[in-house]
Amino acid sequence: MSASVAVYRNIYTEDRFKQAYGSDDNASGSLRLREKLAGKCRCSRRAWLHLLSERVPLFSWLPRYRLRKWMVGDAIAGLTVGILHIPQGMAFALLTSVAPIFGLYTSFFPVVLYMIFGTGRHVSTGTFAVVSLMTGSVVEQLVPTPLAFNSSSPEAANFEAQRIGVASAVALLSGIFMLCMFGLQLGFLSTYLSEPIVKAFTSAAAFHVTVSQLQSMLGLRLPRHTGAFSLFKTLASVLENLPHTNVAELLISVVCLAVLVPVKEINTRYRHRLRTPIPVEILTVIIATCVAYFSSLDSSYSIEIVGLIPAGFPKPQLPAFHTFPAIAGDTIAITFVGYAVSVSLAMIYADKHGYSIHPNQELLAHGISNTVSSFFTCFPSSATLATTNILESAGGYTQLSGLFTSLVVLIVLLLIGPLFYFLPKAVLACINVTSLRQMFLQFRDLPELWRISKLDFLNLLNRYFCSEEKGERKQTMVWVVTWLSVVVLNVDLGLAIGVVFSMMTVIYRTQRADCSVLGRASNTEIYRPLENHSKCYEVPGVKILTYNGPIYYGNRSFFREKMSRVLGLTPEEIRSREKARKALEKREREASVSTVDRGIANTSFSSVNEFFESEKEVQAVLIDCSRVIFVDVAGARLFTQMCTECQKVGVHVYLANCNESVLKILTSSGLMSHMNPQHIFVTVHDAVMYIQQQREKPPENTTTVWV
């Protein structure tokens, strides 16, 4: 059963509608401003408690904690993640080019601090492969490994102190950047790292991580390459030194991969059946340590082991402040990557479980975590993909799971750490590689991004500009360009190229927005593009146009070109019509004088407008501004210019569906001096009805003279 709608009302221009339904903007605006200032300046116990609960979310969720319902899930999830943090923390420390003990420190302090200040209930913070890799590149640039380095030499302690000093300085500066961004409320900046950029970046960085771990898995002692084309330089160096492979470490790597890969696949496929994932990493670490200890692999086969892991709590230590100028540029990239990944993960699980995330508060949480942790010899931290996924699948409910995670790491730090002395570094390298499974699987996003266009991916570049689904293609192109840039060039440079390319696609889409001619659906007030709705019809004498984008200095020439093409008003056409109009006006004046003198009524051409109606179809141009989100000064001046040019050829210009900001800019730019304010309407249909009514009226300037 179909339903019909009938509405009877007056035709509303913007002025009439504002008079009928508007409010006093100045009075209400000043009142709102006073209320906001008073609210900000008011100091009361309630306001203080509200501010405290906002800035320290622990005081918000802890009093409402459901002990019986959530405690078991948080405890199991936290303990599971804590067990995983131990091998991953030590493994990712190798990526950072520091001793494994500092990875355990980074798996402890940030977890505790995020539990207090973070808003993500299912976010697990700590060491993250990509952030560790980027930090390790900075460390290698400032404190490169000597070719004849001996980890047991007296200079080794000073060398490690220099390296962790640089890594801690990166963490401190990253935390300072985040705190400054929080103070300026710049949490929205993470949106510039779009989802395709983040996924392509992490997927490409996984290749860098894998290649960087080949030398540890093969037992090669090679310098770490940094800068552009570092991945290929490392591969070439590994291939060149393959004859020097340590067979014992290669065998350890093969066995570890043969155990880790299948068990992690089982954990993934049967995660809904398993109450907790199989802790294969920690089991591998324990077994490998025992085998290396009882077999004396370090002395018999010269395998590289972790070495001394001091027991106890780390003493506060100042980072290397003098390195700030040298690390500032790289730290900005590390800050954005860590924050973007953290917020993205937090939002994914917040949407899944129905709660909200505050990006600016996340800046504060991660800023405090990195700043405070840096004084305890920690390197930069962020949310991590693998542990966050495990935390949620293991049944975690709130941030309290971080308490149990930190307790597990604390026990290792205080009691168990020294027992990992004989742990082969090849095992940690294998853990690094297998932990990247989720990042490699992000290649599956390409078919998802591409499926709407249904074209062969290999023909992407050839068909890119010929498809109607350009939005999906641009997302795919952003993915591909970012991935190739990171793999071919470097992590930092590739990320910068991906961000710039993504912003260029946005600029391109605003510059090349479509301009459509609208038609009316019969017996309705609905107007749709004629190119997609063949049964709609154009209103006689009225050209209704819509532009699907902003009008600003960057696309004003494209907007003018599209409008001129649709209307057929090129500069040459405007000049010719203007000359014809002036000639007609002159001839009409002469004819009027002649007919009045002779007492004969001239009815051949009653007005100039009638001549133009006979010469052309369009007498009015109606621009639907509903999709014009903003206009700058250059765009407003273009409106004025177009209005003037249309008037020269006898075409009236009307506007409809202007939002408040667009209308304000157009008015303040002087458009109303060239356009009748009564030609701006609330809807397209209001404007069409007004134009039709005006055409039905008898011309006021036409008179008949009788003798």
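As annotated in an unreviewed UniProt entry, the chain carries the name Solute carrier family 26 member 10 and comes from Poecilia latipinna. Under the UniProt heading Subcellular location (unreviewed entry), the entry covering the chain gives this text: "Membrane".

Draft legend 1. Up close: the overall build of the chain. Counting its secondary structure elements, the chain contains 30 helices and eight strands. The buried share of the chain, taken over its 707 residues, is 50%. Of all intrachain contacts in the chain linking residues separated by at least 6 positions in sequence, the fraction that spans at least 24 positions is 82%.

Draft legend 2. Focus on the nonpolar core. The biggest cluster of nonpolar side chains holds 121 residues, and the ones touching the most others in it are Met 90 and Leu 423. Sorting elements by how many residues they give to this core places helix H15 (residues 324-353) first, with 13 residues. Mapped onto the domain boundaries, this core takes at least three residues apiece from domain 1 (68-145 + 153-218 + 228-308 + 317-444) and domain 2 (445-461 + 469-511). Discounting chain neighbours no more than four positions away, the residues touching Leu 423 are Met 90, Val 285, Ala 288, Thr 289, Glu 304, Ile 305, Val 306 and Leu 428.

Draft legend 3. Up close: the sheet that holds strand E6 (residues 620-624). Spatially, six strands are ordered E4-E3-E5-E6-E7-E8 in an open sheet, and the strand pairing comes out mixed. With one partner strand each, in any of the chains shown, strand E4 (527-529) and strand E8 (680-681) form the two edges of the open sheet. Pairing geometry for E6 and strand E7 (residues 652-656), over five bridges, is parallel. When the bridges of E7 are listed, Leu 622 appears paired with Tyr 654. The sheet strands contacting helix H30 (residues 684-696) are strand E3 (515-520), E4, strand E5 (542-547), E6, E7 and E8, and the helix crosses E6 at an angle near 170°.

Draft legend 4. Region of the structure containing the packing of aromatic side chains. All told, the structure shown has 23 aromatic pairs when counted by the stated rule. Measuring from centroid to centroid gives 5.6 Å for Tyr 12 and Phe 17, while their planes differ by 85°, and the two rings are edge-to-face. With relative accessibility at 14%, the residue Tyr 12 sits in the buried group. The class of Phe 17 is partly exposed, set by a relative accessible area of 34%. Ring geometry for Phe 108 against Phe 109: centres 5.0 Å apart, planes inclined by 80°, an arrangement best described as edge-to-face. The exposure class assigned to Phe 108 is buried, which follows from its relative accessible area of 10%. Taking the relative accessible area as the measure of exposure, Phe 109 reaches 9% and is therefore buried. An aromatic cluster of three or more residues is present, and its members are Trp 61, Tyr 65, Trp 70 and Tyr 397. Just above the ring of Tyr 355 sits the side chain of Arg 121; from NZ or CZ to the centre is 4.3 Å.

Draft legend 5. The pattern of salt bridges, seen in detail. Applying the stated criterion across every chain, the model contains 10 salt bridges. For Asp 686, the salt bridge is made with Arg 9, and the minimal N-O distance between the two is 2.8 Å. In this pair, Asp 686 is assigned in helix H30 and Arg 9 in the segment before helix H1 (14-21), connecting sequence segments 677 residues apart. A residue is classified by how much of its surface remains accessible, and Asp 686, at 3% relative accessible area, is buried. On the accessibility criterion, Arg 9 (45% relative accessible area) is partly exposed.

Draft legend 6. Structural detail: the pairing of E5. A large share of E5 lies buried, amounting to six of its six residues. Here E5 shows a buried face lined by Val 542, Ile 544 and Thr 546 and a second buried face lined by Lys 543, Leu 545 and Tyr 547. One ladder, built from four bridges, connects E3 with E5; its direction is antiparallel. Bridging from a neighbouring strand, Ser 516 pairs with Thr 546 of E5. Bridge count between E5 and E6: five bridges; the pairing is parallel. Of the residues in E6, the one forming a bridge with Thr 546 is Asp 624.

Draft legend 7. Spotlight on a nonpolar patch on the surface. On the surface, a nonpolar cluster with roughly 510 Å² of combined accessible area is contributed by Ile 266, Tyr 270, Ile 278, Leu 283, Ile 287 and Val 291. Among the elements that line the nonpolar patch, the one with the most residues is helix H13 (residues 280-295), at three residues. By secondary structure assignment, the location of Tyr 270 is in the loop between helix H12 (247-269) and H13.

Draft legend 8. Structural context of the confidence of the model for the chain. Looking at the chain as a whole, its pLDDT mean stands at 81, while 82% of the residues score no less than 70. Confidence drops under pLDDT 50 across residues 452-469; counting only partners more than four residues distant or on other chains, this segment forms 23 contacts.

Draft legend 9. Examining the packing of helix H10 (residues 195-218) against H12 more closely. Relative to each other, H10 and H12 sit at 120°, their axes nearing to 7 Å. Looking at the two axes, H10 sits oblique to H12. Contact with H10, carried on its side by Ser 216, Met 217 and Leu 218, involves Glu 249, Leu 250, Ser 253 and Leu 257 of H12 and no other residues of that element. Of the residues belonging to the contact of H10 with H12, the class tally is four nonpolar, two polar and one charged.

Draft legend 10. Local environment of the environment of Leu 113. Structurally, Leu 113 can be placed in helix H7 (residues 109-117). Measuring from C-alpha to C-alpha, the distance between Leu 113 and Gly 367 comes to 9.9 Å, with 254 residues separating the pair along the chain. In this view, Leu 113 contacts Ile 368, Ser 369, Val 372 and Ser 373; residues no more than four positions away in its chain are not counted.

Draft legend 11. Geometry of the environment of Val 198. Looking at the element boundaries, Val 198 is found in helix H10. Sequence separation between Val 198 and Leu 495 is 297 residues; the distance between their C-alpha atoms is 8.8 Å. Those residues in contact with Val 198 that sit more than four places away from it in its chain are Leu 193, Ala 340 and Val 341.

Draft legend 12. Spatial organisation of the environment of Gln 185. Residue placement: Gln 185 occurs in the loop between helix H9 (155-183) and H10. On the basis of relative accessible area, Gln 185 is assigned to the partly exposed category, the value being 38%. For the pair Gln 185 and Pro 359, spaced 174 residues apart in sequence, the C-alpha to C-alpha distance is 9.0 Å. Separated by 3.4 Å, the side chains of Gln 185 and Asn 360 make a polar contact.

Draft legend 13. Examining the packing of helix H5 (residues 67-95) against helix H18 (residues 401-416) more closely. One way to put it is that H5 packs onto H18 with a least axis distance of 7 Å and a crossing angle of 40°. The angle between the axes of H5 and H18 places the two elements in the oblique class. For the pair H5 and H18, the sense of crossing is right-handed. In contact with Met 71, Asp 74, Ala 75, Gly 78, Leu 79, Val 81, Gly 82, Ile 83, His 85 and Ile 86 of H5, H18 contributes Ser 401, Phe 404, Thr 405, Val 408, Val 409 and Val 412.

Draft legend 14. How the structure looks around helix H17 (residues 385-393). Counting buried positions along H17 gives seven out of nine residues, so the element sits mostly inside the fold. When H17 is considered as a whole, its buried residues turn out to be Leu 385, Ala 386, Thr 387, Thr 388, Ile 390, Leu 391 and Glu 392. Of the residues trailing H17, Gly 395 is marked for its positive phi of about 100°.

What counts and how
- Residues numbered from 1 in each chain as written.
- Predicted model: local features only at pLDDT ≥ 70, side-chain atom pairs only at ≥ 80, totals over all residues.
- Heavy atoms only, no water.
- UniProt positions renumbered as here; feature names shortened; annotations may be inferred.
- Helix = DSSP H or I, 4+ residues; strand = E, 2+ residues; numbered from the N terminus.
- Buried < 20%, exposed > 50% of the residue type's maximum accessible area, 1.4 Å probe, protein only.
- Contact = heavy atoms within 4.5 Å.
- Core = buried A, V, L, I, M, F, W, Y, C linked by side-chain atoms within 4.5 Å.
- Domains from an automatic or database assignment.
- Pairing = 2+ DSSP bridges.
- Axes fitted to C-alpha atoms, helices over the stretch in contact; angles between N-to-C directions.
- Phe/Tyr/Trp six-rings, centres within 6.5 Å; stacked < 30°, edge-to-face > 60°.
- Lys NZ or Arg CZ within 6 Å of the ring centre and 35° of its normal.
- Salt bridge = Lys/Arg side-chain N within 4 Å of Asp/Glu carboxyl O.
- Patch = residues over 30% accessible without salt bridge, like charges linked within 9 Å, V, L, I, M, F, W, Y side chains within 5 Å.
- Areas by Shrake-Rupley, 256 points an atom, 1.4 Å probe, with all protein chains shown as cover.
- pLDDT = per-residue confidence, 0-100.
- Parallel < 35°, antiparallel > 145°, perpendicular 65-115°, else oblique.
- Nonpolar A, V, L, I, M, F, W, Y, C, P; charged D, E, K, R; others polar.
- Polar contact = N/O pair within 3.5 Å; in protein donor to acceptor, adjacent residues only side chain to side chain.
- Left-handed = near helix turned anticlockwise from the far one by under 90°.

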